[in-house]
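Okay, here's what each chain looks like letter by letter:
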Amino acid sequence: MNLLFIRNNIKVLSRNINQLVSPLLFFMIVMVFFPLGLGQDPELLSAVSVSVFWVVTMLSSLLSLDRIFKDDYEDGTLEQVYISVNSFYFFIISKISVHWLTSFLPIILFCPVTAVFLSMEYDKLIIMIIALLLGTPVLSVISAIGSSLTLSLKKGSFLISIITLPLYIPVLIWGCGISNLYQNNQPVDGGLAVLALLSVTSFILMPFAISAVLKIHIADSR
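Think of each chain on its own: its residues are numbered from 1, step by step along the sequence as written. Per-residue local features of the predicted model are confined to residues with pLDDT of at least 70, and side-chain atom pairs are confined, for both listing and counting, to 80 or more; whole-chain, interface and lining totals are unaffected and use all residues. Hydrogens and waters are ignored; side-chain quantities use all the structure's heavy atoms.

**Thoughts on the overall build of the chain**
In DSSP terms, a helix is any run of H or I states spanning at least four residues, a strand is any run of E spanning at least two, and both are numbered starting from the N terminus. Helix and strand content of the chain: nine helices and zero strands. Secondary structure elements in the chain, listed N-terminal to C-terminal, are α-α-α-α-α-α-α-α-α. Relative to its full complement of 222 residues, the chain shows a buried share of 45%. A 1.4 Å probe and the Shrake-Rupley method give the accessible areas. Residues count as covered only by the protein chains that appear here. When the accessible surface of the chain is split by element, carbon and sulfur atoms take 69% of a total near 11,200 Å². Using a 1.4 Å probe on the protein chains alone, a residue whose accessible area is under 20% of its type maximum counts as buried, one over 50% counts as exposed, and one in between counts as partly exposed.

Structure below.
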């Protein structure tokens, strides 16, 4: 059932190509033009490259925040799923998974291409990509929390950003810290394990809280 939800949601998103490619397009534009503004010093670009990747990745995801549950809420799909599906919990997990697959995964896949513009070393790039793969699912969960809290608001995009950005910061600090540890020849296994644990824990526990919030919105809309 969960895989069916994911496949159907991706199929729906594929019909709106602008919504699908906007985060990746924003990421590519910023990553191409950032070195032009900062200068062409390879050492300086390499020093700030990891932080730039993390920050731009997070900002890119903001473009799709308000659509995680919004479309399903407005067309009545959310209420129908809540009534007809035995486990609303797995539906929420599928929505979070779709957000990660369409907002973060394409960006991570394009990291090797844009790393050239920031003069990033290969081994440093590999560590950063692993950290992004382990850390960005947490960001998708946080995004879903923000989207659920502002679901019934007519213009909630700005409010979602205010809610989610402060919650992004610990993941940003931890992800950048892992690369700094690697650069100083210190072990990074523990840091990567923490990111993995955060992702798994948030995917398991937070959908319960999101489900409770969504049920309130569904009840108020009746």
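Here the narrative resumes, following the displayed structure.
**Description of helix H7 (residues 122-149)**
Here a helix's expected span is defined as the number of its residues, less one, multiplied by 1.5 Å. Here H7 spans 40 Å end to end across 28 residues, near enough to the 40 Å set by a 1.5 Å rise per residue. Fitting axes to the seven residues that end at a residue and to the seven that start at it, the angle between those axes gives the bend at that residue. Of all the bends in H7, the largest measures some 30° and sits at Gly-135, one to four residues before the proline Pro-137. Judged by how many residues are buried, H7 sits mostly within the fold: 21 of 28 residues are covered.

**Regarding helix H6 (residues 88-114)**
Taking 1.5 Å as the rise per residue, H6 with 27 residues should run 39 Å; its terminal C-alpha atoms sit 39 Å apart, in good agreement. Phe-104 marks the point of greatest bend in H6, at about 35°, and the proline Pro-106 comes within the next four residues. When you tally the buried positions in H6, you get 19 out of 27 residues, the bulk of the element.

**Here's the deal with the environment of Pro-35**
Tracing the backbone shows Pro-35 in helix H2 (residues 17-38). Measuring from C-alpha to C-alpha, the distance between Pro-35 and Leu-118 comes to 6.6 Å, with 83 residues separating the pair along the chain. In this analysis, two residues are considered to be in contact whenever any of their non-hydrogen atoms come within 4.5 Å of each other. When sequence neighbours within four positions are dropped, the list of residues in contact with Pro-35 reads Gln-40, Leu-45, Phe-117 and Leu-118.

**Some words on the packing of aromatic side chains**
Within 6.5 Å between ring centres, the rings of Phe, Tyr and Trp (the latter by its six-membered ring) count as paired, and their orientation is classed by plane angle as stacked under 30 degrees, edge-to-face over 60, tilted in between. What the rule picks out here adds up to five aromatic pairs. Taken together, Tyr-82, Phe-88 and Phe-91 form an aromatic cluster joined through their ring pairs.

**A closer look at a nonpolar patch on the surface**
Note on patches: the residues involved have over 30% relative accessible area and no salt bridge, like charges join within 9 Å, and the nonpolar side chains Val, Leu, Ile, Met, Phe, Trp and Tyr join within 5 Å. The working definition used for a salt bridge is a side-chain nitrogen of Lys or Arg within 4 Å of a carboxyl oxygen of Asp or Glu. A contiguous nonpolar patch, built from Phe-26, Val-55, Leu-59, Leu-63 and Leu-165 and spanning about 360 Å² of accessible area, is present on the exposed surface. For Leu-63, the position within the fold is in the loop between helix H3 (42-61) and helix H4 (70-74). Overall, Leu-63 belongs to the partly exposed group, its relative accessible area being 45%.

**Some remarks on the nonpolar core**
The tendency in soluble globular proteins is for nonpolar side chains to be buried as a group. Nonpolar core, defined: a set of buried Ala, Val, Leu, Ile, Met, Phe, Trp, Tyr and Cys residues in which side-chain atoms within 4.5 Å join the residues together. With 38 residues, the main nonpolar core has Phe-53, Trp-54, Cys-111 and Met-128 as its most contacted residues. At the level of elements, H2, H3, H6, H7, helix H8 (157-183) and helix H9 (189-221) are the ones that each hand at least two residues to this core. For this core, the leading source of residues is H7, giving nine residues. Among residues more than four places away in sequence, those in contact with Phe-53 are Phe-27, Met-31, Cys-111, Thr-114, Ala-115, Leu-118, Met-120 and Met-128. Ile-93, Ile-96, Val-141 and Ile-218 belong to the second largest nonpolar core, which has 18 residues in total.

**Considering the packing of H6 against H7**
In this analysis an axis means a line fitted to C-alpha atoms, helices contributing only their contacting stretch, and an angle means the value between N-to-C directions, from 0 to 180 degrees. Axis separation between H6 and H7 bottoms out at 9 Å; the angle between their running directions is 155°. When the interaxial angle is binned, H6 and H7 end up roughly antiparallel. For the pair H6 and H7, the crossing hand works out as right-handed. From H6, Ile-96, His-99, Trp-100, Phe-104, Leu-105, Ile-108, Cys-111 and Pro-112 reach across to H7, where they touch Leu-125, Met-128, Ile-129, Leu-132, Leu-133, Thr-136, Pro-137, Leu-139, Ser-140, Val-141, Ser-143 and Ala-144. Only Asp, Glu, Lys and Arg are considered charged in this grouping, and only Ala, Val, Leu, Ile, Met, Phe, Trp, Tyr, Cys and Pro are considered nonpolar; every other residue, Gly among them, is considered polar. Here the contact of H6 with H7 is composed, by residue class, of 16 nonpolar, four polar and no charged. Small angles under 35 degrees read as roughly parallel and large ones over 145 as roughly antiparallel, with 65 to 115 read as roughly perpendicular and the rest as oblique. The hand of a helix crossing depends on one turn: near helix anticlockwise from the far one by less than a right angle means left-handed, and clockwise means right-handed.

**Details of unusual backbone geometry**
With phi around 55°, Ser-119 is a residue other than glycine that occupies positive phi space. For Ser-119, the location among the structural elements is in the loop between H6 and H7.

**Describing the environment of Thr-150**
Here Thr-150 shows up in the loop between H7 and H8. Residue Thr-150 is classed as buried on the basis of its relative accessible area of 3%. The spatial distance from the C-alpha of Thr-150 to the C-alpha of His-217 is 9.4 Å, given a sequence separation of 67 residues. Among the polar contacts made by the side chain of Thr-150, one reaches the main-chain carbonyl oxygen of Gly-146 at a distance of 3.0 Å. Here a polar contact means two N or O atoms within 3.5 Å. Within protein one must be a hydrogen donor candidate and the other an acceptor candidate, and residues neighboring in sequence count only if both atoms are side-chain atoms.

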